[in-house]
Amino acid sequence: MKLRHTAFVAVALACSTAAADAKELAFATFVSPTSTTVKEVLEPWIEWFNQNAGGNTTIKLYAGGTLGRSPAAQPKLLKDGVADLTIMVPSYYPGVYPDFDMFELPGLARSSAEASGAAWQLFQDGKIEGLDDFKVVSIYTSAPYAVHSTADVKTVDDLKGLKIRAAGPVQTAVLTSLGAVPQAMSPTEMAENINRGLLDGAVADWSVADSFKVMEVTDNHYNARLGVLPFVVAINKDVYEQLPPEAKKAIDESGERLVKLQGDSFAKFEAEAIARTEAEAGQTVVEPSDADIAEIRARTRPVRDEIVAKNGPDGLEAYEALLEKMRAN
C-alpha cells in the first residue's frame, strides 16, 4: 500500500509539474478574425506550431484587436507584456524602419509570393536592419496595391485630384507623384469615409480592401500594383529565450512556412476576388497597360531616388535581383 501511495504521489507531482511548465503564448493582431491572413495564414501556422512545439508550449490567437486595436501600437503590446507575439507594420513608424521603404515602390513586386520570399531572404542576408528589439519570426508582404475608388480610373492620368487614403510616407509620396491627393487615416476608417464622400478611394491590396469593407463602397478597381506592404511577425525576446528547445526550434523554422502560407493564400484570394468583382454588375477592374505601368514608374522615380539617397542602393538592388531570380526559376 505504501509503495502504491508513493507511486501515486510521484505521478501526481509529475503531472502538476508538467501543468506548471505549460506555456500558452498570446498572439495579438489587429487583423479581422475573418480575414485571409487569419484564416489561411495564421491559424494554419499556429496549428502546425502547437503540434510541433513539444507539447508544453502553445499559441492562442487574439484577432480583431482583442488585446489592442491600434495597428501602430502592436509592438508596445510586446514591450508591456500584454502579448507574446504580434504582427507589426513597419510603414506605420515613419523613419524608424527605413530599410522597408523600398517595398512600397511601384513596378517591382508582382505578387505577395515573390515579395514575401524576397523580404525574408533580405532579412536573413542582413539587408533589413532595425528590428533588434524583437525576435523576428517571419517577414512577409501583402499582395500588390490596387486603387479601389468610386471614381472612374482607367489610366494613371485619372488619379489626378482624387482624394485617396494613404498609409505612411512612401505611399503618400507615390500618390502625390501620380497627381492624387493622399489622405492619412486608419484602415478601419477607409470604408466609412468613402461612403460619406470624404474620400474618392483607397490604396489597398485585395484582401485588405475586402476585410475592411472597401469593396462594399467602391466600384472601380485600378490594379496598378503600387508596391506592397511588409509585415513583421515578432515575439518578445525574453519570452523566446525562456522557451523550451522544441518550441524555440518551431519558432526558428516558422519563417519560410509563414512566407509560403502568405504567398499561396494571397495569390488564390486575389485571383478569386478579381474574378468575382469582374462578374458583378456595376463593378470594373482595370489592368493597366505596359505603357501605363512605365508611366507610373517614370512619375514615381523621384520617390525611388529619395529612398536610394537615404538608404543607399544596396538593399534595393538586392531586392530587384531577388525578384528577377525568382521569376527566372
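Anyway, here's the lowdown on the structure attached to this text. Quantities reported herein were computed from a predicted structural model and do not represent experimental measurements.

### What about the overall build of the chain?
And then number 1: From N to C terminus, the chain includes 13 helices and 11 strands.
And then number 2: Here the C-alpha atoms of the chain give a radius of gyration of 22 Å, agreeing with the 20 Å that 2.2 N^0.38 yields for 329 residues.
And then number 3: Overall, the chain is about 90 × 45 × 35 Å in size when its C-alpha atoms are taken along their principal axes.
And then number 4: Going through the 329 residues of the chain one by one, you find that 48% of them count as buried.
And then number 5: Counting only carbon and sulfur atoms, one obtains 51% of the accessible surface of the chain, whose full area is about 15200 Å².

### Notes on the side chain of Q262
And then number 1: Within the secondary structure, Q262 is located in helix α10 (residues 254-279).
And then number 2: The class for Q262 is buried, based on a relative accessible area of 0%.
And then number 3: Apart from residues lying up to four places away in sequence, Q262 is in contact with T37, V41, S112, S116, Y140, T141 and S142.

### Re the sheet that holds strand β10 (residues 230-236)
Hydrogen bonding along the main chain pairs the strands of a sheet, whether they run parallel or antiparallel.
And then number 1: Strand order across the open sheet formed by 5 strands is β2-β1-β3-β10-β4, with mixed pairing between neighbours. The open sheet terminates on both sides in strands that have one partner only, identified here as β2 (57-62) and β4 (134-141). The sheet shows a mean angle of 25° between the axes of neighbouring strands, direction not considered.
And then number 2: Note: strand β1 (residues 23-28) against β2, 6 bridges, orientation parallel. From the neighbouring strand, K23 faces β2, where its bridge partner is T57.
And then number 3: Against the sheet, helix α2 (residues 36-52) contacts β1, β2, β3 (85-88) and β4, and its axis sits at roughly 165° relative to β2.

### Side note on the packing of helix α4 (residues 112-124) against helix α13 (residues 314-328)
And then number 1: At a minimum axis separation of 9 Å, α4 and α13 run at an interaxial angle of 130°. Judged on the interaxial angle alone, α13 and α4 are oblique. At the point where α4 passes α13, the crossing takes the right-handed sense. Across the interface between the two elements, E114, A115, G117, A118, Q121 and L122 of α4 pack against G315, A318, Y319, L322, L323, M326 and R327 of α13.
And then number 2: When the residues that make up the contact of α4 with α13 are grouped by side-chain class, the tally is 8 nonpolar, 3 polar and 2 charged.

### Details of the environment of N220
And then number 1: In this structure, N220 sits in strand β9 (residues 220-222).
And then number 2: Beyond its immediate stretch of four places on either side in the chain, N220 contacts V147, H148, S149, A151, D152, V153, Q283, T284 and V286.
And then number 3: Polar contacts involving the side chain of N220 include one to the side chain of D152, which spans 3.4 Å.
And then number 4: Within the structure, N220 has its side chain in polar contact with the backbone nitrogen of V153 (distance 3.2 Å).

Analysis parameters
Residues numbered from 1 in each chain as written. Predicted model: local features only at pLDDT ≥ 70, side-chain atom pairs only at ≥ 80, totals over all residues. Heavy atoms only, no water. Helix = DSSP H or I, 4+ residues; strand = E, 2+ residues; numbered from the N terminus. Rg over C-alpha atoms; globule rule 2.2 N^0.38 Å. Buried < 20%, exposed > 50% of the residue type's maximum accessible area, 1.4 Å probe, protein only. Areas by Shrake-Rupley, 256 points an atom, 1.4 Å probe, with all protein chains shown as cover. Contact = heavy atoms within 4.5 Å. Pairing = 2+ DSSP bridges. Axes fitted to C-alpha atoms, helices over the stretch in contact; angles between N-to-C directions. Parallel < 35°, antiparallel > 145°, perpendicular 65-115°, else oblique. Left-handed = near helix turned anticlockwise from the far one by under 90°. Nonpolar A, V, L, I, M, F, W, Y, C, P; charged D, E, K, R; others polar. Polar contact = N/O pair within 3.5 Å; in protein donor to acceptor, adjacent residues only side chain to side chain.

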